[in-house]
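# Survey of secondary and tertiary structure
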Amino acid sequence: MKFFIRYAAVLIAIFSFSIFGPSFYKKVFSKPSNSPTVFYSAVKDCFILWKKNEEGKLIYLDEYKTEYDKKTFETFLPFTYYRDLFNWGLFPEEVNGIKVSYENIRRSSFFLKIRPKTINFEKIRISLNPLFESKSPFSKLTVPDDLFRITDRMEFIDGRTNSINESKSQIFSDALNKAGFKFPAKIIAGNPSSRKAFDYGYFVVDSSNILFHVRQDKGKPFIRKTKVSPDLDFYHIQISESLNTDFYGFIFTKSGDIYTLMKHDYSIKKLPITDFLPDRDGFIYSQDPLNRIVVTKNTRHVHAYAMTHKNEIVKEREWQLKARLRGTSKTVFDMIFPFQLMLKDRNKASSIIKFEKSSNPLSALSFSIFLIILFVIVRWFMKVKWTRIALDSFFILFGGIFSFVGLLLLGKEQDDVKRKKV
Amino acid sequence: MILQIYKKEFYKLKWLLAGLFIVHLGYITQFIVDTNSIFNLHSPIAIWTNVVFKNAFYFDSFKFLFTITAVMIGFAQFLPEVQKRRFRIACHLPMNEMLMTCYTMSFGILVFLLFSIVDIFIVIFIGQKYFPIEITNGSLEIMLYWLLGGILTFISSALITIEPSWYRRFVLFIIIIQVVSLSSIVKVYGSELTFLPFLFLLLLFIPFSIFPALRFRRGAGI
């Protein structure tokens with residue numbers, strides 16, 4: 001029993017130190033990220049970017065590493081900094097032979113940023129959504145008095161009574177049934193904010209993987225079955241209300257394909273993006289009167305694509321990123337910590353307990369053996385029983401520095417000491 | 001023998017239990033009044049969306065209450081035993097000392113469970129009146145994490161109190177603090193965490209709690 005008690009304490013120490021130790025080390029030895037913010041300049045016909053240099057100073061440069069001052073940098077991006085350029089009288093009348101105006105930019109600009117964390121939150125959150133009135137006579141959207149869920153039918157829960165609005169639920173469920181919807185819903189995608197100019201409603205994937213458009217028009221259900229193939233492996237749908245785009249939003253698939261869902265006929269168009277995973281990579285989409293720019297980002301690289309409005313790639317470029325823990329700090333980290341328990345994942349909305357082993361297990365094992373030798377010497381001088389030393393060493397072999405520190409801190413018990421003096 | 005130990009523990013803790021009863025009653029009253037007034041002042045949909053999209057915990061105050069209850073029971077149960085070395089006398093009772101320690105601790109755990117389960121029941125009962133079932137289910141899950149965290153906190157405060165050596169108390173504190181703060185990492189409804197690591201830690205903590213008790217009985221470090 002005493003044996004079990006002692007090693008329960010060691011296991012708790014391993015658990016505790018493997019959370020605290022590596023995270024403390026990272027906080028101390030991590031260097032600033034060199035991740036750039038990338039734009040495409042139609043004026044220069046190349047990518048331009050800003051990032052922090054080694055001293056932490058913000059620098060502006062193009063993809064050929066020529067540095068510029070902030071004002072010159074802004075002149076290369078007339079569609080992004082048009083307000084400044086108008087103020088300075090530097091706004092060009094035409095870009096790449098195409099006439100541009102303030103109004104023209106306002107009507108065609110669009111920006112959307114989606115992080116894996118946002119997608120993850122959509123996956124885990126409580127599935128209750130507000131259904132706005134899409135054909136409201138008022139200019140501002142009104143928050144409804146109910147939220148809906150789609151389980152074995154579509155149900156509206158009235159906020160005033162916390163009970164199901166039977167008549168409304170029946171009307172919408174019947175309309176969905178009539179359109180061929182198979183309950184329950186697998187994905188319910190929409191923009192639940194009332195801070196938008198108008199409302200597209202929701203795009204709902206039913207249990208047979210068919211995508212439906214569900215909206216409320218003048219209190220009545222508007223249900224449309226889309227042309228999207230049920231063979232598509234839907235992962236996430238991001239809807240964004242904008243008059244400046246010809247699509248409702250983006251469809252992300254599990255395999256990493258990205259499609260735009262077109263407004264005029266619910267067809268989909270594939271974006272020519274490669275090496276993208278929605279649960280790993282961030283996605284930034286922007287458009288101006290001339291181009292569409294997509295930037296995908298993760299901890300290892302930034303990949304930028306400049307396209308025409310017909311999704312034809314004009315330019316593509318990738319930047320490798322330096323890890324925040326690099327060089328000697330990384331080598332030492334991989335050696336002294338055989339594994340780590342992480343309570344956070346930058347791509348997850350919820351906390352997790354994640355086990356990650358050292359990326360160099362051989363050096364971690366070598367270090368553990370070194371610790372065992374050190375431990376045996378110390379304990380031998382303390383006249384600890386050999387059986388106890390052997391068991392402790394076994395824990396150090398697997399728990400590395402976490403077991404070593406834990407065992408040293410817990411010290412020795414009376415029973416550990418040899419009865420006969422050596 | 002277990003009943004006698006429970007009786008002894010009850011007499012020892014009666015004033016603390018009365019105090020905790022009043023504090024919990026106050027918290028519950030405050031919770032009911034607050035929830036009612038928030039729903040009177042604001043649109044229910046605004047409150048629901050705040051919960052769904054911003055992960056607002058409408059029962060957040062209970063997290064602190066669970067922690068403080070666990071710590072107080074732990075200290076109140078073992079501090080008098082340690083101060084006057086009564087625990088060594090208890091260890092000489094005609095029963096296994098490990099079993100005696102477990103029984104003593106189980107009383108503290110049961111008291112903590114009694115208070116927190118009543119709190120959870122009331123939060124869920126009141127929640128059902130105001131919130132859809134998805135939200136109350138989510139609340140129950142989060143409060144269960146806090147409950148497990150509370151048990152770990154109770155055991156931790158008990159074993160730090162029993163530990164006779166100040167050096168070892170410091171070491172135990174370093175080892176335990178990270179584990180005890182685990183329950184506070186649950187920040188969203190529908191968290192991807194599972195109860196398994198908590199239950200595993202609980203399994204380790206039960207024998208771990210006997211560790212300082214054995215040392216105390218032996219008089220180590222005094």
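Residues numbered from 1 in each chain as written. Chains lettered and ligands numbered in written order. Predicted model: local features only at pLDDT ≥ 70, side-chain atom pairs only at ≥ 80, totals over all residues. Heavy atoms only, no water.

## Structural notes on the packing of aromatic side chains
Evaluation of the coordinates by the stated rule reveals 63 aromatic pairs over all chains. Pairing Phe39(A) with Phe73(A) gives two aromatic rings, centres 6.0 Å apart and planes at 80°, and the pair type is edge-to-face. Of the two residues, Phe39(A) is situated in strand β1 (residues 37-41) and Phe73(A) in helix α2 (residues 70-75); the sequence distance between them amounts to 34 residues. Assessed through its relative accessible area of 1%, Phe73(A) is described here as buried. An aromatic cluster is defined as three or more aromatic residues linked by ring pairs; in this entry it consists of Tyr27(B), Phe31(B), Phe39(B), Phe57(B), Tyr58(B), Phe59(B), Phe62(B), Tyr130(B), Phe131(B), Trp146(B) and Tyr189(B). (Phe/Tyr/Trp six-rings, centres within 6.5 Å; stacked < 30°, edge-to-face > 60°. Helix = DSSP H or I, 4+ residues; strand = E, 2+ residues; numbered from the N terminus. Buried < 20%, exposed > 50% of the residue type's maximum accessible area, 1.4 Å probe, protein only.)

## Quick notes on the side chain of Thr153(B)
All names here are of chain B. One can find threonine 153 in helix α6 (residues 133-162). For threonine 153, a relative accessible area of 7% translates into the label buried. A distance of 2.7 Å separates a polar side-chain atom of threonine 153 from the backbone oxygen of glycine 149. Excluding anything up to four places from it in sequence, threonine 153 contacts Thr67, Ala70, Val71 and Val180. (Polar contact = N/O pair within 3.5 Å; in protein donor to acceptor, adjacent residues only side chain to side chain. Contact = heavy atoms within 4.5 Å.)

## A word on the environment of Gly127(B)
All names here are of chain B. Position of glycine 127 relative to the elements: it lies in helix α5 (residues 97-130). Distance from glycine 127 to tyrosine 58, taken between C-alpha atoms, is 9.1 Å for residues 69 residues apart in sequence. The contacts of glycine 127, once residues within four sequence positions are left out, are Tyr58, Ile122 and Thr136.

## A look at the interface of chain A and chain B
Between chain A and chain B, the contact holds 50 residues from the first and 42 residues from the second. Roughly 4100 Å² is buried in total at the junction of chain A and chain B, and carbon and sulfur atoms are behind 72% of that figure. On the chain A side of the contact with chain B, Ile5(A), Ile12(A) and Ile126(A) bury the most area, a combined 16% of that side's loss. On inspection of chain A and its partner chain B, the count reaches two salt bridges. We note a salt bridge from Lys348(A) to Glu192(B), for which the minimum N-O separation is 3.4 Å. Between the two partners, chain A and chain B, sit eleven residue pairs in polar contact (both at pLDDT 80 or more). Ranked by residues supplied to the side of chain A that touches chain B, first place goes to helix α1 (residues 2-29) of chain A with 14 residues. Grouping the amino acids of the side of chain A that touches chain B by side-chain chemistry returns 29 nonpolar, nine polar and twelve charged. (Buried area = accessible area lost by both parts, 1.4 Å probe. Salt bridge = Lys/Arg side-chain N within 4 Å of Asp/Glu carboxyl O. Nonpolar A, V, L, I, M, F, W, Y, C, P; charged D, E, K, R; others polar.)

## Considerations on helix α7 (residues 166-180) of chain B
Residue and element names in this part refer to chain B. Taking 1.5 Å per residue as the helical rise, α7 with its 15 residues ought to reach 21 Å, and the 20 Å between its terminal C-alpha atoms agrees with that figure. Along α7, the residues classified as buried are Arg168, Arg169, Val171, Leu172, Ile175, Ile176, Gln178, Val179 and Val180. One side-chain oxygen at the N-terminal end of α7 lies 3.3 Å from the backbone nitrogen of tyrosine 167; it belongs to serine 165. (Expected span 1.5 Å × (residues − 1).)

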